[in-house]
There are 2 protein chains.
Amino acid sequence: MRASRFLIATLKETPHDAEVISHKLMLRAGLIRKLASGLYTWLPLGLRVLRKVENIVREEMNAAGAQEVLMPVVQPAELWEESGRWQQYGPELLRVKDRHDRPFCLGPTHEEVITDLVRNELNSYKQLPASFYQIQTKFRDEIRPRFGVMRSREFIMKDAYSFHASQDCLQQTYDVMHKAYCNIFDRIGLAYRPVLADTGSIGGAFSHEFHVLADSGEDAIVFSDGSDYAANVEKAEALAPAGERPAATASLTKVATPGVHTIDEVCKALSIAPGQCVKTLIVLGQADDEGRQPLVALVLRGDHELNDIKAEKLDGVAAPLTFAPEERIKAELGVGTGSLGPVNLPILTLVDRAAAHLADFACGANEDGFHFTGANWDRDAKAARIEDLRNVVDGDPSPCGQGTLAIKRGIEVGHIFQLGTKYSEAMGAKVLTENGKAETMTMGCYGIGVTRVVASAIEQNHDDNGIIWPAAIAPFQVALVPINMNKSEAVRDACESLYQSLLAAGIDVLFMDEEKARLGVMLANTELMGIPHRLVVGDRGLENGEVEYKGRRDAESVNIPLANAIDHLKAALN
Amino acid sequence: MRASRFLIATLKETPHDAEVISHKLMLRAGLIRKLASGLYTWLPLGLRVLRKVENIVREEMNAAGAQEVLMPVVQPAELWEESGRWQQYGPELLRVKDRHDRPFCLGPTHEEVITDLVRNELNSYKQLPASFYQIQTKFRDEIRPRFGVMRSREFIMKDAYSFHASQDCLQQTYDVMHKAYCNIFDRIGLAYRPVLADTGSIGGAFSHEFHVLADSGEDAIVFSDGSDYAANVEKAEALAPAGERPAATASLTKVATPGVHTIDEVCKALSIAPGQCVKTLIVLGQADDEGRQPLVALVLRGDHELNDIKAEKLDGVAAPLTFAPEERIKAELGVGTGSLGPVNLPILTLVDRAAAHLADFACGANEDGFHFTGANWDRDAKAARIEDLRNVVDGDPSPCGQGTLAIKRGIEVGHIFQLGTKYSEAMGAKVLTENGKAETMTMGCYGIGVTRVVASAIEQNHDDNGIIWPAAIAPFQVALVPINMNKSEAVRDACESLYQSLLAAGIDVLFMDEEKARLGVMLANTELMGIPHRLVVGDRGLENGEVEYKGRRDAESVNIPLANAIDHLKAALN
């Protein structure tokens, strides 16, 4: 490609509304432009990267035996009513009425559409397993789109769905997809980890997320140093502390703590560590027959964080997890949130495993301005149940039983689910089994955020000068930069000849052939755009039959013989 | 591809709601399935065809110097307000509000988005011309979606836009695009014609449509037998009849015509030919300062059809063309529509060239139940202006001055426009010229209905057995059909070996390897799916070292040596 015929839309300044590095660099390198909140146009440079990602995904999906289809963006509400998601899905589902006032939505995902297709097209167990995928535009009306294409409203997703006559068969395809995902991220050249994950609103029993490791990642993922165990912190089990709970040694003492509300303030006022006090959080419980949601107390150690996902799955707790309004707590418990505690608390009280292991702990006294010290379970406070309520922390024992956990940040780029029969049951997707009985199919689903992969590759691969593309998804493999081409016939001839040779060798080259471009600008642009290899051609080098080569990660350029330039590049590309 | 791993979703019965052959065959061959009115899922077989069309389009757009981008489906209303189309565009524009109640639409076309991009990214005449294209999902909320993907609501379009500093430069790119379109349809292998066209609601001055010729086409296109002239009937000028108008010979006579309303009834009652009477149509005129739209009469020969597009462009006529309500005609003219005529008609009267050439004609007497015979222009009736109001008909002289016109049916698959400054002016898209002045860019736009191309290829290429794909877009080039593979090791071995050899030769082959499939069903399916070449392998042939070959258009199959099968196919594919 000649730069004179290609939109190089680099920016010197970083746009002010970009927070993360990938967003900044995608704007600065001219990969994307914002159309409106959460809506981006892919410029020619960005689209080249996106297509390379798409192609790798497509090849691996095909190799995994999935068949490509293309489903509509706009989906009829009826199907979502069948699955129950029309009601369940929040405002992220963009609902729209057509000219005849019929309700539709823009698809954030396509379980309903594919299940409808499959229930109509497949009717025998002999046709199973069957996997279908598409690479297609999705829409989620995020309340706060941000980080560019990392969390945009319109985005491109590869979504695949598999159908099975048995759980065994699902497990086999799930394993094949797991491997295909590893192949994809290996080929793209990303440092990533598959981790155990929660299944969220998609439903189903078993799932893995694929995370690109990056400090800017929105998700915390945990690893064992003693095994392969890896999980999203949402999912990672926090084991009970080892050994017996220490015996009580202190007596329950009420202490005036005027103006003390937070754990930090309590610790300061009482001169104790956060791990020696508990916090009591009040959430809404499952509705009773009259629709009334009782209050439920969740008790954690002061230094631990509540895990919402774990909490909302507990018996007696409403999902999604909802904190009780302050007024209701005051009215029913007679105390503000700053002085709550498990002693004599007249509501269902669920206690985290670590908190339940404390002796002689401090807590709110359920009386504004007072706390207890020397509180002990059983003697002073009752746990209705002891549960896993918290996020694991660095140094916790691994739930697999081997090693301790460390926490890293990750960007979720893929997610695979064993859906089970959630959709097929609701929508009556059945096949005839070997003995002629109609049985509900078992399903899996498998997503990759294709546009997000591009951003995550940048989060993981950049320096002060710009992007450093992994070879497989670089928009161009080589930049060819002339020095003063408009003044030197020799430079022009050498570049034109190199350009043709590179094209003939099947190498994706960007020839910076703009007549009046300044060398410094061209060099800065090739770095910013992250092109992995660069040749610079000038009169001085040509006098010695040489050109300059620099790899994007190299500190310095080296002179190489012009005659060897193509071979040198071919070697560098392999 | 092995059929055992591929969704062959052929249907024996033609679905009842399919009207045209392409829709029937796309359903029957398993290319698409309907999700909802005007919304279709592309099945694996159909998607293979669609991708081949896309790739040809992409290659030719790249060769024409256009740069691929990808713009969002969802577009903010503000941009459409800037161009004025938010108000102008009818209910085909699907409008939607996001969770923050901000207005958006699903893009039926992307002039606003690309113009916004270009005004921000390009600022110098040196960057022009610049052309951008995308292959992307569009939505038009058709009032009556029909004919499958031919007139669907969601569809895939290739839309390209070019930007220029001068009309000359636009003309050059327009010519390049015209050639690129010819290359595309040539490569796909369709019989098509570029024709002069009206510019419609997109705006602009000059445009060509590309029509695939097919009897089922929705558009009438006209050709001269004496030149290259070709136009959409909407656009084709109807010349005035040659020579002077004959002199009046009859006197104006009022005739009672009770119950006579239509031209047919008038001709029967008066024993005259439709070409010897005129019909008078009342439409709304352009609004005056108070917003009132006067009535306007359009007078045509009884055997001619009004051309709405021509009429609504006339001075004094409101656009879009709107027929006056019967009550208003009665109230203001004192007569019903069945007895209208140009004699003593007290409103602006525009007369078609052919009608204005009549002498001694019949017409309504502007009195219910009465007509005139022997009417003559000037003497009895006044034409305010003589205009081109009608559709041309078979045998009309060509407006180019050479030959006569013939009419064929066509399916519009492409449309190129010289937009001029309609969008760039409204949206302030300017560049600095050589002398440092900011000037509005001139634009072109260029569309191809990618999904519609697939349907039109079928309209033009099918027989009683199904689709006959042009080679370049066939989902598979070769079908490999075994006879009793589950019983014959020799057949299985020969097929497996042929399959591997075909794949190795880079030939797209569908191996009908399903163990229990019946031969008749497999053969019918390969014909229905339109696979251009077929090899049938059976024990009887193998005994003689032969397999059966049949081209999709061949009446009979021929035996060829197994050893030559690959070479035979390679030759057939070229």
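Residues numbered from 1 in each chain as written. Chains lettered and ligands numbered in written order. Predicted model: local features only at pLDDT ≥ 70, side-chain atom pairs only at ≥ 80, totals over all residues. Heavy atoms only, no water.

Some details on the relation of the copies chain A and chain B
Just so we agree on the cut-off: Copies are brought into register by a least-squares superposition over C-alpha atoms of residues with pLDDT of at least 70 in both. Whether two residues are in contact is decided by their heavy atoms: any pair within 4.5 Å suffices.
It takes a turn of 180° to lay chain A on chain B, together with a shift of 0.0 Å along the axis; the resulting RMSD is 0.1 Å. The relationship between the two copies is best expressed as a two-fold rotation axis. Proximity to the rotation axis, assessed at the C-alpha, singles out Val96(A) in chain A; its C-alpha lies 2.9 Å from the axis. Here 100% of the contact residues of chain A are again contact residues in chain B; the copies associate through an equivalent surface.

Let's talk about helix 9 (residues 326–333) of chain A
Side chains three or four residues apart in an α-helix point the same way, a direct result of the helix having 3.6 residues per turn. Residues and elements named next belong to chain A. As a reminder of what qualifies: Remark: exposure states derive from per-residue accessible area (1.4 Å probe, protein chains only) relative to the maximum for the residue type, with buried under 20%, exposed over 50%, and partly exposed in between. We count a stretch as a helix when DSSP gives it H or I for four or more residues in a row; a strand needs E for two or more, and each element gets its number in order from the N terminus. Here the arc refers to the directions that run from the helix axis out to each C-beta atom.
For helix 9, the full list of buried residues reads Arg-328, Ile-329 and Leu-333. For helix 9, the buried positions fall inside an angular range of 100° around the axis, keeping them on one side. Pointing more than 90 degrees away from the buried face of helix 9 are the exposed residues Glu-327 and Ala-331. As for helix 9, its buried residues are in contact with strand 14 (278–284) and strand 15 (295–301). Two residues or fewer past helix 9, Gly-334 is found with a positive phi of approximately 70°.

Points about the sheet that holds strand 19 (residues 385–387) of chain A
Residue and element names in this part refer to chain A. This is how the line gets drawn: Any two strands with at least two DSSP bridges between them are considered paired. In this description, a line fitted to the C-alpha atoms serves as the axis of each element, helices being fitted only across the stretch in contact, and the angle between N-to-C directions of two axes falls anywhere from 0 to 180 degrees.
Across the sheet, which stays open at both edges, the four strands sit in the order 14-15-16-19 with mixed pairing between neighbours. Edge positions in the sheet fall to strand 14 and strand 19, since each of these pairs with one other strand and no more. Between one strand axis and the next, the sheet turns through 30° on average, direction left out of account. Bridge count for strand 16 (residues 348–352) against strand 19 is three bridges, and the pairing is parallel. Residue pairing in the sheet places Val-351 in a bridge with Ile-386 of strand 19. Those strands touched by helix 9 are strand 14 and strand 15, and its axis lies near 100° from that of strand 15.

Focus on the pattern of salt bridges
Rule in force here: Salt-bridge detection follows one rule: a side-chain nitrogen of Lys or Arg within 4 Å of a carboxyl oxygen of Asp or Glu.
Going through the model one piece at a time under the given rule, you end up with 80 salt bridges over all chains. When the shortest N-O distance is used, the salt bridge between Arg353(B) and Glu237(B) registers 2.9 Å. Of the two residues, Arg353(B) sits in the loop between strand 16 (348–352) and strand 17 (361–364) while Glu237(B) sits in the loop between strand 12 (230–232) and strand 13 (253–256), which places them 116 residues apart along the sequence. A single salt-bridge network, built from bridges that share partners, covers Asp463(A), Glu527(A), Arg534(A), Lys550(A) and Arg552(A).

Things to note about the interface of chain A and chain B
Keep this limit in mind: Summed over both partners, the accessible area (1.4 Å probe) lost when two parts come together is defined as the buried area. Charged means Asp, Glu, Lys or Arg here, nonpolar means Ala, Val, Leu, Ile, Met, Phe, Trp, Tyr, Cys or Pro, and polar covers whatever is left, Gly included.
Contacts between the two partners involve 54 residues from chain A, matched on the other side by 54 residues from chain B. A combined buried area of about 4,400 Å² lies between chain A and chain B, and 63% of that area is made up of carbon and sulfur atoms. On the chain A side of the contact with chain B, Leu35(A), Leu70(A) and Arg99(A) bury the most area, a combined 16% of that side's loss. The interface formed by chain A and chain B includes six salt bridges. In terms of residue count, the dominant contributor to the side of chain A that touches chain B is helix 2 (residues 44–63) of chain A (five residues). Residues belonging to the side of chain A that touches chain B are distributed by class as follows: 32 nonpolar, five polar and 17 charged.

As for the confidence of the model for chain A
What counts, and what does not: Per residue, pLDDT measures the predictor's confidence, with a range of 0 to 100.
Mean pLDDT over chain A: 95, with 99% of residues reaching 70 or higher. Overall fold confidence (pTM) sits at 0.91, and the ipTM for the predicted complex is 0.90.

Re the nonpolar core
Note the following rule: Within this scheme, the nonpolar core is defined by two criteria: the residues are buried Ala, Val, Leu, Ile, Met, Phe, Trp, Tyr or Cys, and they are joined through side-chain atoms within 4.5 Å.
The biggest cluster of nonpolar side chains holds 82 residues, and the ones touching the most others in it are Leu106(A), Ile114(A), Phe163(A), Leu106(B), Ile114(B) and Phe163(B). Excluding anything up to four places from it in sequence, Phe163(B) contacts Ile114(B), Thr115(B), Val118(B), Leu128(B), Pro129(B), Ala130(B), Met441(B), Thr442(B) and Met443(B).

Overview of the domain arrangement of chain A
Put simply, the test is: Where each domain begins and ends follows an automated or database-derived domain assignment.
When its domains are assigned, chain A resolves into domain 1 (19–237 + 407–458), domain 2 (253–387) and domain 3 (476–573). Centre-to-centre, using C-alpha coordinates, domain 2 of chain A lies 66 Å away from domain 3 of chain A.

Things to note about the sheet that holds strand 26 (residues 478–482) of chain B
Residue and element names in this part refer to chain B. Strands sit in the order 27-26-28-29-30 across an open sheet of five strands; the sheet is mixed. At either end of the open sheet lies a strand with only one pairing partner, and these are strand 27 (509–511) and strand 30 (558–561). Within this sheet the neighbouring strands show an average axis-to-axis angle of 30°, counted without direction. Judged from the four bridges that link them, strand 29 (residues 546–551) and strand 30 form a sheet pairing that is antiparallel.

Considerations on the pairing of strand 26 (residues 478–482) of chain A
On any regular strand, side chains alternate: one points to one face of the sheet, the next to the other face. All names here are of chain A. Most of strand 26 sits inside the fold, with five of its five residues counted as buried. Along strand 26, one buried face is formed by Val-478, Leu-480 and Pro-482 and the opposite face, lined by Ala-479 and Val-481, is buried too. Strand direction decides the pairing type here: strand 26 and strand 27 (residues 509–511), joined by three bridges, are parallel. Across the sheet, Leu-480 pairs through a bridge with Phe-511, a residue of strand 27.

Structural notes on the packing of helix 2 of chain A against helix 6 (residues 167–188) of chain A
Residues and elements named next belong to chain A. Cut-off, in case you're wondering: These descriptions rest on fixed angle ranges, namely under 35 degrees for roughly parallel, over 145 for roughly antiparallel, 65 to 115 for roughly perpendicular, and the rest for oblique. Note on convention: the crossing is left-handed when the near helix lies turned anticlockwise from the far helix by less than a right angle, right-handed when the turn is clockwise.
Packing of helix 2 against helix 6 leaves a shortest axis separation of 9 Å and a crossing angle of 150°. In this view, helix 2 runs roughly antiparallel relative to helix 6, as classed from their interaxial angle. The handedness of the crossing between helix 2 and helix 6 is right-handed. Where helix 2 approaches helix 6, its residues Val-53, Ile-56, Val-57, Glu-59, Glu-60 and Met-61 are matched on the opposing element by Met-177, Ala-180, Tyr-181, Asn-183, Ile-184, Arg-187 and Ile-188. Considered class by class, the residues forming the contact of helix 2 with helix 6 number nine nonpolar, one polar and three charged.

A word on helix 5 (residues 111–121) of chain A
Burial runs high along helix 5 of chain A: nine of the 11 residues are buried. Those residues of helix 5 of chain A lying buried are Glu111(A), Glu112(A), Val113(A), Ile114(A), Thr115(A), Asp116(A), Leu117(A), Val118(A) and Glu121(A).

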